[in-house]
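# Structural overview
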Amino acid sequence: QVQLVESGGGVVQAGDSLILSCKASGRTSNLYAKGWFRQGPGRDREYVGSINWSGESTYYADSVKGRFTISVDGAKNTVYLQMNNLKPEDTARYYCAGSSTTVTTTPHAREYDYWGQGTQVTVSS
């Protein structure tokens, strides 16, 4: 089993940058594709981006493309979400997720079976 813990959330102003971390523990050898999702107030959970097993390929939602970057540090078993030029509409609770079955980048939440507790990001105008 895999455990995921997010950190790095906070309150920032529009245009600021923030880095979220997702630390994995447990049977991390079973953690293949990794993704980030978010859920804002009164909104459904939405896909943000993902990275494949090798960490060599990434995919992003159109809403964050060009502003957000996902990376991994295998030695630290950590996935990062670098968020630049944050906007008020980015306000949400951000969740990291891992898949034990999919190695490629996938935007489908159903492909992820490990989830963190989330970290809140609030962007003020």
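Report follows, based on the coordinates. The structure presented is a predicted model; accordingly, all values stated were derived computationally and were not measured. (Residues numbered from 1 in each chain as written. Predicted model: local features only at pLDDT ≥ 70, side-chain atom pairs only at ≥ 80, totals over all residues. Heavy atoms only, no water.)

### As for the state of the cysteines
- Counted under the stated rule, the structure contains one disulfide.
- A sulfur-sulfur distance of 2.0 Å marks the disulfide that ties cysteine 22 to cysteine 96. Across the disulfide from cysteine 22 to cysteine 96, rotation about the S-S bond amounts to roughly 55°, and the bridge is consequently right-handed. Of the two residues, cysteine 22 sits in strand β3 (residues 18-26) while cysteine 96 sits in strand β9 (residues 92-98), which places them 74 residues apart along the sequence.
- For cysteine 96, a relative accessible area of 1% translates into the label buried. (Disulfide = S-S within 2.5 Å. Helix = DSSP H or I, 4+ residues; strand = E, 2+ residues; numbered from the N terminus. Buried < 20%, exposed > 50% of the residue type's maximum accessible area, 1.4 Å probe, protein only.)

### With respect to the pairing of β3
- Where strand β1 (residues 2-7) and β3 come together, six bridges link them in antiparallel fashion. Opposite leucine 4, over in β3, you have alanine 24 as the bridge partner.
- Summarising the sheet, β3 and strand β8 (residues 78-83) pair through six bridges and their orientation is antiparallel. Looking across to β8, one finds that cysteine 22 is bridged to valine 79. (Pairing = 2+ DSSP bridges.)

### Some words on the environment of leucine 18
- Along the chain, the position of leucine 18 falls in strand β3.
- Overall, the relative accessible area of 14% leaves leucine 18 in the buried class.
- Between the alpha carbons of leucine 18 and tryptophan 115 there is a distance of 21 Å; along the sequence they are 97 residues apart.
- With near-sequence residues (within four places) excluded, leucine 18 lies in contact with Gly8, Gly9, Gly10, Val12, Leu81, Gln82, Met83, Leu86 and Val121. (Contact = heavy atoms within 4.5 Å.)

### Some details on the pattern of salt bridges
- All chains considered together, the criterion is met by five salt bridges.
- Residue arginine 38 is joined to glutamate 46 by a salt bridge in which the shortest nitrogen-to-oxygen separation is 2.8 Å.
- The class for arginine 38 is buried, based on a relative accessible area of 4%.
- In this structure, the salt-bridge partner of arginine 110 is glutamate 111, at a minimum N-O distance of 3.0 Å.
- What emerges from the salt-bridge pattern is a single network uniting Arg38, Glu46, Arg67 and Asp90. (Salt bridge = Lys/Arg side-chain N within 4 Å of Asp/Glu carboxyl O.)

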